[in-house]
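Inside the fold
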Amino acid sequence: MNTIATAAVLSLPISLYTPSKLSCRKGLRGGFRVFAVFGEEGGITDKKNPWSSIFDVEDPRSKFPQGKGKFLDANQALELVRFDIQYCDWRARQDLLTIMLLHEKVVDVLNPLAREYKSIGTVKKELAELQNELAEAHKQVHISEARVSAALDKLAYMEELVSDRLLQDRATVESDRAASPSTSTSSESSDAVKIKTSRKALNVSGPVTTYHPRLKNFWYPVAFSSGLKEDTMIPIDCFEKPWVIFRGKDGKPGCVRNTCAHRACPLDLGTVNEGRIQCPYHGWEYSTDGTCEKMPSTKLLNVKIKSLPCFEHEGMIWIWPGSDPPTATIPSLQPPPGFTIHAEIVMELPVEHGLLLDNLLDLAHAPFTHTSTFAKGWKVPDLVKFLTPSAGLQGYWDPYPIDMEFRPPCMVLSTIGISKPGKLEGQSTDQCTTHLHQLHVCLPSSRNKTRLLYRMSLDFAPILKHIPFMEHLWKHFAEQVLNEDLRLVLGQQERMNSGANIWNLPVAYDKLGVRYRLWRDAVDKGVKQLPYSNSNSNGSASE
């Protein structure tokens, strides 16, 4: 039923689109069977048009498909979407013809014979009017282009919904056939089986167990390059192990176990000297590969602490915590061209990283949770959905102008179209002139702690980057938004640890979060071919 209702709603906006004022101007005959140019006195003279085969298209509104009943089935919904595309095509042809007619009128106005009978003031006035009409016609063409694009997206989405519905119906029929004929079941239990087969099973409950080793076999960004100076170090926890990052003599970063081989003292309490990290207890010094190169007051022994593959790429420090050989490529997390990075913030949060990813991949909660920050003034939409390819981990939100992607193993990238507060609905990111790009990295520090890396970029107002203390303001705002989420996610974590299933009843707008959980579940089960593994084809850099 949700599929049918969704399909019906999808087709409404375009179908109710009204014709432009110019196209209904008195003197123009209906449809696209009239081709005329304006005469000297503003009248219309019939003229054979060389583009008749292009514009001779019947107005499709007379053939609008009429639905029977309150709800539409999947095929009727597809017909509505196809009608929208036909109407958008007709609308675009009408707008283009309008522009062509106006251009011909400009030529007539500027014709030498016409100028002899008109004053300069009259010609200027007519040209000014034509310029305004041309600007409005061009605007209508751009609107038509956007509507055609949106209609095509809706058609793809509807086809996916229909395919899913057909697969669900097939699974229900097969399960009914497999049941023993002699088994007597009540109608209630039969309905329960159908509901169960129509939903993807997700069970995320109980305390988080030890992380599967396969989850460690990825490149993880752990720090921003700007935060790692030559004489500094960054202690981190990753998969419940302590590590410390510092730069060697060659300036390249290294990552070693944050525990001295001598007496298990935390190395991050010491200092970095000439590319080596020195233990504050007895002065033992280690290079970036974990080799102990100095042992003051005693004979130098062959000692080495564990180190991880560490690589610096595009302003971030990456490590490979797994036991498998690291891959030769690292995904690109750069903002799109034209964006300037304004803030890079690191926070330690007391929640499991999967719960935080669930939250970041969900936008439907914004008008209820973030009422004091970025979603203040947002209206609650009648329908929120995430449109994405059938095998993808990326897509865009409707009705919000936000594109979003989950990048395995723990990254979320989003581009937000900036509009007036409370006026986000009904626009895509392409229709917005200014944008904010966000990167969230959720590093699994432990089973109840996440190291969050947040980077914010803008494609406007570059001067903000040079205002003193501006980054402190960005950090304050980011903390406000996260605190609104944190109180909810902490409550989820408490109940999850007590046995509650935090994914008990997923709905349509949970699509991206569900796909992340399916990917994560496949990793934990050791599935050879991970789901959606081919959906992230963004640029990567070779080591």
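You'll find the structure just up there.
Residues numbered from 1 in each chain as written. Predicted model: local features only at pLDDT ≥ 70, side-chain atom pairs only at ≥ 80, totals over all residues. Heavy atoms only, no water.

Take the overall build of the protein next. Scanning the protein from terminus to terminus reveals 11 helices and 22 strands. Residues counted as buried form 45% of the 543 residues belonging to the protein. Restricting to contacts in the protein with at least 6 residues of sequence separation, those with at least 24 account for 65%. Of the roughly 29000 Å² that the protein leaves accessible, carbon and sulfur atoms contribute 54%. (Helix = DSSP H or I, 4+ residues; strand = E, 2+ residues; numbered from the N terminus. Buried < 20%, exposed > 50% of the residue type's maximum accessible area, 1.4 Å probe, protein only. Contact = heavy atoms within 4.5 Å. Areas by Shrake-Rupley, 256 points an atom, 1.4 Å probe, with all protein chains shown as cover.)

Let's shift gears to the nonpolar core. Of all hydrophobic cores here, the largest spans 82 residues; its most connected members are Tyr220, Val222, Ile245, Met316, Ile319, Trp397 and Trp519. Per-element accounting of this core gives the leading share, six residues, to helix 11 (residues 511–524). Residue assignment places this core across two domains, with domain 2 (216–313) and domain 3 (331–525) each supplying three or more. Each residue touching Ile319, except ones within four places of it in the same chain, is listed here: Phe218, Trp219, Tyr220, Val222, Ile236, Cys238, Cys255, Leu308, Pro309 and Cys310. (Core = buried A, V, L, I, M, F, W, Y, C linked by side-chain atoms within 4.5 Å. Domains from an automatic or database assignment.)

Bringing the sheet that holds strand 13 (residues 316–319) into the picture now. Reading across the sheet, the three strands line up as 3-13-12 and stay open at both edges, with antiparallel pairing between neighbours. In this open sheet, the two edge strands, each paired with only one partner strand, are strand 3 (220–224) and strand 12 (310–313). Averaged over all adjacent pairs, the angle separating strand axes in this sheet is 30 degrees, with direction ignored. Alignment of strand 12 against strand 13, held across four bridges, turns out to be antiparallel. Bridging from a neighbouring strand, His313 pairs with Met316 of strand 13. (Pairing = 2+ DSSP bridges. Axes fitted to C-alpha atoms, helices over the stretch in contact; angles between N-to-C directions.)

Let us look at the packing of helix 8 (residues 353–360) against helix 11. What describes two packed helices is the angle between their axes and the distance between those same axes. With their axes 9 Å apart at the nearest point, helix 8 and helix 11 run at an angle of 150 degrees to one another. In terms of axis orientation, helix 8 runs roughly antiparallel to helix 11. From helix 8, His353, Gly354, Leu355, Leu357 and Asp358 reach across to helix 11, where they touch Tyr516, Arg517 and Arg520. Here the residues of the contact of helix 8 with helix 11 are counted per class, giving three nonpolar, two polar and three charged. (Parallel < 35°, antiparallel > 145°, perpendicular 65-115°, else oblique. Nonpolar A, V, L, I, M, F, W, Y, C, P; charged D, E, K, R; others polar.)

Here the focus is the pattern of salt bridges. Any two side chains of opposite charge can pair, on the condition that their charged atoms come close. Summed over the entire model, instances satisfying the criterion amount to 13 salt bridges. A salt bridge links Arg276 to Glu274, with the shortest nitrogen-to-oxygen separation between them at 3.7 Å. Its salt-bridge partner being Arg407, residue Glu405 comes within 2.8 Å of it at the nearest N-O pair. (Salt bridge = Lys/Arg side-chain N within 4 Å of Asp/Glu carboxyl O.)

Under the definition given, this model contains eight aromatic pairs. Between Tyr211 and Phe239 the ring centres are 5.3 Å apart and the planes differ by 80 degrees, which places this aromatic pair in the edge-to-face class. Of this pair, Tyr211 sits in the loop between helix 7 (187–197) and strand 3 while Phe239 sits in the loop between strand 4 (233–238) and strand 5 (241–247), and the two are 28 residues apart along the sequence. Both residues of the pair, Tyr211 and Phe239, belong to the buried class. An angle of 70 degrees between the planes, with centres 5.6 Å apart, marks the rings of Trp219 and Trp320 as edge-to-face. Pair noted here: Trp219 is in the loop between helix 7 and strand 3 and Trp320 is in the loop between strand 13 and strand 14 (329–331), with a separation of 101 residues, a long-range link. Note on Trp219: relative accessible area 4%, which makes it buried. (Phe/Tyr/Trp six-rings, centres within 6.5 Å; stacked < 30°, edge-to-face > 60°.)

To continue, consider the side chain of Asp510. Secondary-structure assignment places Asp510 in the loop between helix 10 (470–497) and helix 11. Polar contacts involving the side chain of Asp510 include one to the main-chain amide nitrogen of Val507, which spans 2.9 Å. Not counting chain neighbours up to four residues away, the residues in contact with Asp510 comprise Trp503 and Leu505. (Polar contact = N/O pair within 3.5 Å; in protein donor to acceptor, adjacent residues only side chain to side chain.)

A few words now on unusual backbone geometry. Excluding glycine, residues mostly have negative phi values, and the peptide bonds linking residues are mostly trans. Cis geometry marks the peptide bond from Asp398 to Pro399, where omega comes out at 20 degrees. Inspection of the secondary structure assignment puts Pro399 in the loop between strand 17 (394–398) and strand 18 (402–407). A cis amide bond links Pro408 with the next residue in sequence, Pro409, at an omega value of 10 degrees. Note that Pro409 resides in the loop between strand 18 and strand 19 (411–418). Its identity as a non-glycine residue notwithstanding, Ser297 has a phi of 70 degrees, on the positive side. When you line up the elements, Ser297 lands in the loop between strand 10 (292–294) and strand 11 (307–308). Located in the positive-phi region is Ala461, a residue other than glycine, with phi close to 50 degrees. Mapping Ala461 onto the fold places it in the loop between strand 21 (449–458) and helix 10.

Below, the discussion takes up the sheet that holds strand 10. Strand order across the open sheet formed by four strands is 7-8-9-10, with antiparallel pairing between neighbours. For this open sheet the edge positions go to strand 7 (271–273) and strand 10, each flanked by a neighbour on one side alone. Taken together, the two bridges between strand 8 (residues 276–278) and strand 9 (residues 285–286) define a ladder with antiparallel strand orientation. Considered in strand 9, the bridge of Ile277 is made with Tyr286.

Along strand 13, one buried face is formed by Met316 and Trp318 and the opposite face, lined by Ile317 and Ile319, is buried too. Across four bridges, the pairing between strand 3 and strand 13 is antiparallel. Each residue of the ladder has a partner; that of Tyr220, found in strand 13, is Ile319. What sits between strand 12 and strand 13 in their antiparallel hairpin is a turn of two residues, with Glu314 showing a positive phi close to 50 degrees.

Turning our eyes to something else, we now look at the pairing of strand 6 (residues 253–257). Counting buried positions along strand 6 yields four of five residues, so the element is predominantly enclosed. Hairpin remark: strand 5 followed by strand 6, antiparallel, with five residues in the connecting loop; positive phi at Gly251, about 85 degrees. Where strand 6 lies against strand 11, two bridges are found, and the strand directions are antiparallel. Looking at strand 11, one finds that Val256 is bridged to Ser307.

Before going further, it helps to spend a moment on the state of the cysteines. A full pass over the atoms with the stated rule returns zero disulfides. Take Cys255: it sits in no disulfide, and the sulfur closest to it among the cysteines is that of Cys310, at 5.7 Å. Here Cys310 falls in the buried class, since its relative accessible area comes to 19%. (Disulfide = S-S within 2.5 Å.)

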